[in-house]
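An overview of the molecular structure
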Amino acid sequence: MDAQTVGPGVLLITANLGSIFEDPEHMLMIWLEKFYETLERLQPHFVALHCQEVGGKNYEHSMQYVDKFLRLIFESDKMRSYDRICALMDKEFTVAEHFTALGNIYFVHESIKNVQYYDFKACKFRAITGKVIHADNLKDTHIYDKAKFPASFFPEMKWSRKGFIRTRWSIDNRVFDLVNIHLFHDASNMIAMQNCPSPYCKNRKRALDHVIKRFAKDKHEKVPYFIFGDFNFRLDTQGVIQTLVARATPEYTREDKEIKRIVYKANDSVDKVILTLGKKVFDIDEPSRLLGEGNGAKWLHHFDKEPLSFNTLLCEYPVEFPPSYPYSENIQDGNTYMKTRCPAWCDRILLTHQAKSLISEAIGGKPYYGVIGQDVCMGDHKPVILFFRLIQGTGTASSIPPSSGHTPPQ
């Protein structure tokens, strides 16, 4: 790879850490080890780690483990070459109207000098220095733009930890935003399967439209951006189910005239149950029918429709990895999906078309889009990554040693 034609290596990671903080004794070190392995393999010069569900689902109790998570990263010998680190962790769950449980952590390699972050209050760039954690005092810093979605965006649901945190960076004079986002989940399979798009899909589109319009209308200069997090994008559940049970007969269980459970039995064998559905049950008799050969689930891409609504503004590199959710939380099992939801590509890295123009497509340096820890337990979400080289700019990138390559992390 010619270091004169490409700029710094950039690694973007989105990771829903809810499971990790629920069982830190067993999961935390496994997760960190795969994170370190990925950095060692790809050797990025700039790393953006966007976390969701910081502190776990029971954050009142588990938020204490966030400090340990940060300390382990900051003090690790494997992170010594990253001499500048900035962490933004929304831990203040007592302030319900603002709490998002999002965390943004940025790592800058010692070999790259011209890196600045944006001060959203002063509307100017400042050099990043040292290793800093903004957590308990998040409101006292101005290096981010943050919002929780309005309560009106949560119809028939609890006002939960959903929103975004945006930062802006200048790396060798190339400016772009990095947006961490967490959208609404599907509360019930029974509702999700009734229509396409489902009410949950419509709510997610409304929220993402809200964010995009906010960026378009605010006072800050318009720049390319990468938006990555837990979008909670789900498949066309109705279409997937109809395909799976095309040769089956449903049996319904009702309570107070409401369908609570559906059992689909094969037409050629009344005793063979091929799919069982409930509010939080998606139990298929043969997972291979769902995931296909090699667990790639390629046939499911046809039902991955939610990102298409944003094609005019946002794009995505080809998705060639299995659905990122919902994986088993059994630490001995890294490949099996839980029998709760239809597997889906919830965790994504999207970017504006202008942002794509910042990415080098040089031979030997093409972007890699994949996951971390495909064969080990990383919690119910697999972290999703995008690794790329920036195009050569007018800064100091020519002095930067090339990354080691694009070997997919395991």
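In what follows, the accompanying structure is described. (Residues numbered from 1 in each chain as written. Predicted model: local features only at pLDDT ≥ 70, side-chain atom pairs only at ≥ 80, totals over all residues. Heavy atoms only, no water.)

1. Comments concerning the packing of helix H2 (residues 24–42) against helix H4 (residues 64–75)
For any two helices packed against each other, one specifies the inter-axial angle together with the distance between the axes. It is at 12 Å that the axes of H2 and H4 come closest, and there the two elements cross at 30°. With respect to H4, the axis of H2 lies roughly parallel. Here H2 and H4 pass one another in a crossing that is right-handed. Between H2, through Pro24, Leu28, Met29, Trp31, Leu32 and Tyr36, and H4, the contact on the second element is made entirely by Tyr65, Lys68, Phe69, Leu72 and Ile73. Partitioned by chemical class, the residues of the contact of H2 with H4 number 10 nonpolar, no polar and one charged. (Axes fitted to C-alpha atoms, helices over the stretch in contact; angles between N-to-C directions. Helix = DSSP H or I, 4+ residues; strand = E, 2+ residues; numbered from the N terminus. Parallel < 35°, antiparallel > 145°, perpendicular 65-115°, else oblique. Left-handed = near helix turned anticlockwise from the far one by under 90°. Contact = heavy atoms within 4.5 Å. Nonpolar A, V, L, I, M, F, W, Y, C, P; charged D, E, K, R; others polar.)

2. Focus on the pattern of salt bridges
Taken as a whole and judged by the stated rule, the model has 27 salt bridges. Arg84 is the partner of Asp83 in a salt bridge, and the nearest nitrogen-oxygen pair spans 2.9 Å. We classify Asp83 as partly exposed; its relative accessible area is 33%. Given a relative accessible area of 9%, Arg84 falls into the buried group. Measuring nitrogen to oxygen at the nearest pair gives 2.8 Å for the salt bridge that ties Asp186 to Arg204. With a gap of 18 residues between them, Asp186 in the loop between strand E10 (174–182) and helix H5 (189–192) and Arg204 in helix H6 (residues 199–217) connect regions that are remote in the sequence. For the pair Asp186 and Arg204, a shared accessibility class is recorded, and that class is buried. If you follow the salt bridges from partner to partner, you end up with Asp145, Arg166, Arg168, Asp177, Arg214, Asp218 and Lys222 in one network. (Salt bridge = Lys/Arg side-chain N within 4 Å of Asp/Glu carboxyl O. Buried < 20%, exposed > 50% of the residue type's maximum accessible area, 1.4 Å probe, protein only.)

3. A closer look at the packing of aromatic side chains
The full count for this structure, using the stated rule, is 25 aromatic pairs. Taking the centre distance of 5.6 Å and the plane angle of 80° together, the rings of Phe176 and Phe226 count as edge-to-face. One end of the pair, Phe176, is in strand E10; the other, Phe226, is in strand E11 (residues 225–230), with 50 residues separating them in the sequence. The burial state of Phe176 is the same as that of Phe226; both residues are buried. Here the aromatic residues Phe21, Trp31, Phe35, Tyr36, Phe69, Tyr82 and Phe107 are joined through ring pairs into a cluster of three or more. Over the ring of Tyr118 we find Arg168, and its NZ or CZ is 5.1 Å from the ring centre. Over the ring of Tyr317 we find Lys356; its NZ or CZ atom is 4.8 Å from the centre of that ring. (Phe/Tyr/Trp six-rings, centres within 6.5 Å; stacked < 30°, edge-to-face > 60°. Lys NZ or Arg CZ within 6 Å of the ring centre and 35° of its normal.)

4. Some remarks on the nonpolar core
By size, the foremost hydrophobic cluster in this structure holds 66 residues, and its most contacted members are Leu12, Leu178, Phe226 and Tyr264. Setting aside anything within four residues of it in sequence, one finds Phe226 in contact with Leu12, Phe176, Asp177, Leu178, Val179, Leu350, Leu351, Ala355, Ile359 and Phe388. Membership of the second largest hydrophobic core comes to 41 residues, among which are Cys51, Ala87, Phe99 and Ile385. (Core = buried A, V, L, I, M, F, W, Y, C linked by side-chain atoms within 4.5 Å.)

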